[in-house]
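One letter stands for each residue in the lines below.
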There are 2 protein chains.
Amino acid sequence: MTLTRRDFSRLAALGAAAHFVPTPVRAQSDQKKTGYAIIGLGRIASHFMAGAHNTTNSQITALVSGHRDKAEKIAAENNIPKSSIYSYENFDEIAHNPAVDAVYVALPNSMHAEYTIRAAKAGKHVLCEKPMATSVEDSEKMIAACKAANKKLMIAYRCHYEPTNLRAVNLIRDGAIGQVQTIQSAFGFNIAKGEWRTSKAMAGGGPLYDVGIYSLNACRYLTGEEPDHIAAYASTIDHDGRFNDVEENVSWTMHFPSGIVASCSTTYGANMQGYFRVYGSKGWIEVDDAFSYDGLRLRANLSGKQIDEPSTAHDPSHFQAEADHFSHCVQNNLEPQSPGEEGLKDMQYIAQIYKAAGINS
Amino acid sequence: MTLTRRDFSRLAALGAAAHFVPTPVRAQSDQKKTGYAIIGLGRIASHFMAGAHNTTNSQITALVSGHRDKAEKIAAENNIPKSSIYSYENFDEIAHNPAVDAVYVALPNSMHAEYTIRAAKAGKHVLCEKPMATSVEDSEKMIAACKAANKKLMIAYRCHYEPTNLRAVNLIRDGAIGQVQTIQSAFGFNIAKGEWRTSKAMAGGGPLYDVGIYSLNACRYLTGEEPDHIAAYASTIDHDGRFNDVEENVSWTMHFPSGIVASCSTTYGANMQGYFRVYGSKGWIEVDDAFSYDGLRLRANLSGKQIDEPSTAHDPSHFQAEADHFSHCVQNNLEPQSPGEEGLKDMQYIAQIYKAAGINS
C-alpha cells in the first residue's frame, strides 16, 4: 500500500490524528537539494546516507568524524570534497560552508545536545537521532537553541516514516479495529559487554533510552494520545559486569486519557524482537519486528477480515522518506512531523518511567 | 512430547520448581474410580465430563442443577440414576450418596465459596473452577472448610495440566532460554451485554477475574516465583451498558524477586487471543492461544535453535489430565498440584492489582 498525499490530508483532518500526521513517502516537487553534514559515521549514518542518496531533494555534502581516514574513504565514495570533512574540534567552521544546509546527528546520546546546539549556532538545521538527549533539560536547551537560530529541529523517529507502521496507524485512524482498548509492545536485545549504551554518562540510561523508546513512542502514535499515568518496574538480574551503570530490564504500564491502557517491556538481557499488538472493539493489528529496518510483518483481524502482510525490503526505504521529509520541511519552511517537541515528550515520559521504577535519572 | 513421571520427578527436584510441579498426564495405577458430582451444567462442565470419561480413575456419578429437565437428559447420557440428581436446595443430601467422592464446582464465581463449603461439610472433596471465589475472605473460608472436613481442595487451573503450557514450563526450568528476564502476556474478549460475568456481585470483578487471571497465573508458573510488586491501571471506555458494574480493561506490571518483570493486559472490550512470551538470556518461548482448549502454538528460539510446534487437539485432553490428577490425589491422599492455596494467591494478587488500579474490590 502506498500512502498518497490525499491519504495524509484526510488523516490530518481527523481530530484524533491532530498531533500525528504521517508524512508522504516522497515529496517530488522540491526544486533543489538540501545539503547534509553527517556527524558520526556509524552504522545508522550509512543507512541514512544511502536513503538520502535515493531522494531527489537531499544530498550529503560534508562529514564530521574523529577518524580522518574513515571520513576520507566515505567522502570519496560520496563525492564530498576533503575540505568538507570536519573534526569535532573544528566543527564550528561548518558555519562558513554554504553547501551544508543541515546536519544529521548520529552520535552517542550524550553528544546529541552539544552538536545540535553547535549546529544551530552555526546556522544549520538539525536532524537528530533518538533518543533526543540524555535529559529533559538538555532537550529543552536543544529546542531553544534551534528556535533562537530560527532553524528546524527534527528527531529521527524512523518509524514515523516507515510504511508498515504508517499502515497500522492509518488502519487504526480509519476505525478498522473500532475503539482501541489495549496495546502491548516490547523491544530489547542481549547487549555486549562494554558497549557505550551501557554507560549512563554516554547513553542517559539503559534499554529504555535505546530500544524501549520505540515501544513508548509507538503507543503514542498508534493511539494519537499522550499517556496521563505511568507505572513501572526496573531490574538488573545479570551481575556479569554489563550493568554497573544502567538497568537491564524495564516493564511499564500506561494509561491514556480515553482509557486505553498499554503494557510495555524492554531489556538489554534478552533478544526481544520489537513488536506491537493493538486490540480494538472490532479487531486487532499486530506488527512483528515492528521497529527493524526491514522484514516487518503486519497481521490483522479487521471486523473478521484476516490480513497477513509480510513486508519485503521497502523501496523507498524509511531512511529515504525521513531524509525526504526533513529536506522538504527545510526548503518549504514547514514544521517537521517529528519535531524537537516530540522528542522532548518521550524524554519526559522516560523520566516519569524512571521515577516510577525508583531509578534516579 | 510426552512428559513422563521421571520428567516430573526431575523437575520437582529442581529448586526453582519447588512450588510448581507439573503433573503426569495419566496416573494409570489407581485401582478404583473417584465419583464426581457436577455442580453447574454449563459449557465447561461438559468439557470436564468428557475429560473425566476418558480417564481410568474418574467417573461422573451425580449432577447438581437448577434445571431438572437438562439434568435428566445429561444423566441419561452418562448412566447416572435419577436419584443422583440434586437441586441447589437439596444439595446437602449428597452427604448420604456413597457414589459421590468429590464435587466439581462449575458455577458462577459468586457461588464457588458456598458450594465448596457445603460440599466439604457433606464430606466430599472439592475441585473448584477458577477464579476460586469473589474475595480473599471467601477463599480463606473455603480452604478452612476443606481442612476442617479433612477433604482435598483443588482449583481447576486447566493450564497446569495442559501439555503445551507444561512444555514451556519444562523448557524454562531446563534452562533452554537461560535466565528469564521479562514476560508479556494478555487474554481478553469482547463480552456480550448482560453476561453474568459483567455483574460484580456474580463475578467478583471484570476481565481480570475471568481471563486476566490466566496471564497472572501463567507469569507465576512460568517463572516459579511470586510477584513482590504490582502496579496497574484499569479503565472503561465503552459506555454502552455493559460496564456499569465492572471495569472493561486492566493492564498491569509485576516485579518478581529475581528481578524478572512482566507486563500483562486483559479486556472485555476486544478479542485478545491469549498468549505469553517469555524472554531469556539465551532465547525466548511464546505460546499463542495459550489458554484455549486446543490449537495452542508454541514457538521458540532456544540458543539459536528455532522451534515451531502448532498443537493439534490433545489426546489426552487437559480436562482429562485435570480429572485424572485430582482423582489420583483423592485416592492416594496426595496434595493436588493446584490446591486452594494456589487459588488464594491469585485472589490476593487480584486484590493488589485492583487496589493499585484504584478499584474497590
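Above: the structure in question.
Let me sum up the structure you'll find in this document. For clarity, every value in this text was computed on a predicted model and none was experimentally measured. (Residues numbered from 1 in each chain as written. Chains lettered and ligands numbered in written order. Predicted model: local features only at pLDDT ≥ 70, side-chain atom pairs only at ≥ 80, totals over all residues. Heavy atoms only, no water.)

## A short note on the sheet that holds strand β4 (residues 102-105) of chain A
Residues and elements named next belong to chain A. On the basis of which strands lie adjacent, the open sheet formed by six strands has the order β3-β2-β1-β4-β5-β6 and parallel pairing. Both edges of this open sheet fall to β3 (85-86) and β6 (153-155), since each of them pairs with a single strand only. Pairing between strand β1 (residues 34-39) and β4: four bridges, direction parallel. For tyrosine 36, the partnering residue across the bridge sits in β4 and is alanine 102. Across the face of the sheet, helix α4 (residues 112-121) comes into contact with β1, β4, β5 (125-128) and β6 while running at roughly 160° to β5. (Pairing = 2+ DSSP bridges. Helix = DSSP H or I, 4+ residues; strand = E, 2+ residues; numbered from the N terminus. Contact = heavy atoms within 4.5 Å. Axes fitted to C-alpha atoms, helices over the stretch in contact; angles between N-to-C directions.)

## Details of the side chain of A:Thr134
With respect to the element layout, A:Thr134 can be found in the loop between β5 and α5 (136-148). Filtering out sequence-adjacent residues up to four positions away, A:Thr134 remains in contact with A:Asn109, A:Ser110, A:Met202, A:Ala203, A:Gly204, A:Tyr209 and A:Met347.

## Points about the interface of chain A and chain B
With 46 residues of chain A at the interface, the matching set in chain B holds 46 residues. Of the roughly 3,100 Å² buried between chain A and chain B on both sides combined, carbon and sulfur atoms contribute 53%. It is A:Gln181, A:Tyr233 and A:Ile237 in chain A that bury the most area against chain B; as a group they hold 21% of the surface buried on that side. Connecting chain A to chain B are two salt bridges. A salt bridge links B:Asp288 to A:Arg277; its shortest N-O distance comes to 3.4 Å. Counting across the chain A and chain B interface gives 28 residue pairs in polar contact (both at pLDDT 80 or more). Counting residues per element, the ones that place at least two in the side of chain A that touches chain B are β7 (180-188), β8 (229-235), β9 (249-255), β10 (261-267), β11 (272-280) and β12 (283-288) of chain A. Looking at the side of chain A that touches chain B residue by residue, the class counts come to 20 nonpolar, 20 polar and six charged. (Buried area = accessible area lost by both parts, 1.4 Å probe. Salt bridge = Lys/Arg side-chain N within 4 Å of Asp/Glu carboxyl O. Polar contact = N/O pair within 3.5 Å; in protein donor to acceptor, adjacent residues only side chain to side chain. Nonpolar A, V, L, I, M, F, W, Y, C, P; charged D, E, K, R; others polar.)

## Brief notes about helix α9 (residues 318-332) of chain B
All names here are of chain B. With 15 residues, α9 extends 21 Å between its outermost C-alpha atoms, agreeing within 8% with the 21 Å of an ideal straight helix rising 1.5 Å per residue. A distance of 3.3 Å separates the backbone nitrogen of phenylalanine 319 from a side-chain oxygen at the start of α9, and that oxygen is part of serine 317. Backbone geometry just after α9 places asparagine 333 at a positive phi near 50°. (Expected span 1.5 Å × (residues − 1).)

## What to know about empty space enclosed by the protein
Evaluated as defined, the whole model comprises four cavities of 30 Å³ or more. Roughly 70 Å³ of internal volume is contained in the largest cavity. As for the largest cavity, its lining consists of B:Lys130, B:Tyr157, B:Arg158, B:Cys159, B:His160, B:Ile213, B:Tyr214, B:Asn217, B:Ala218, B:Tyr221 and B:Phe291. When the residues that make up the lining of the largest cavity are grouped by side-chain class, the tally is seven nonpolar, two polar and two charged. In terms of domain composition, the lining of the largest cavity takes at least three residues from each of domain 1 (22-158 + 332-339) and domain 2 (163-313) of chain B. Taken as a whole, the second largest cavity encloses approximately 50 Å³ of empty space. As for the second largest cavity, its lining consists of A:Lys130, A:Ala156, A:Tyr157, A:Arg158, A:Cys159, A:His160, A:Ile213, A:Tyr214, A:Asn217 and A:Tyr221. (1 Å grid on protein atoms, 1.4 Å probe; cavity = no way out; pocket = protein on both sides within 12 Å on 5 of 7 lines; lining within 4 Å. Points joined across faces, edges and corners; volume = space filled by probe spheres on them. Domains from an automatic or database assignment.)

## Brief notes about the relation of the copies chain A and chain B
Once chain A has been moved 0.0 Å along the axis and rotated by 180°, it coincides with chain B to within an RMSD of 0.0 Å. On this basis, the relationship between the two copies can be described by a two-fold rotation axis. Closest approach to the rotation axis among the C-alpha atoms of chain A is made by A:Ser263, whose C-alpha sits 2.7 Å away. Looking at the interface residues of chain A, 98% of them are also at the interface in chain B, so both copies use one shared face. (Least-squares fit on C-alpha atoms with pLDDT ≥ 70 in both.)

## Here's the deal with the sheet that holds strand β12 (residues 283-288) of chain B
All names here are of chain B. The mixed open sheet is built from eight strands, whose spatial order is β8-β9-β10-β7-β11-β12-β13-β14. Sheet topology places β8 (229-235) and β14 (305-310) at the edges, where each strand pairs with a single neighbour. This sheet shows a mean twist of 5° between the axes of neighbouring strands, independent of strand direction. Where strand β7 (residues 180-188) meets strand β10 (residues 261-267), seven bridges bridge the pair, whose relative direction is parallel.

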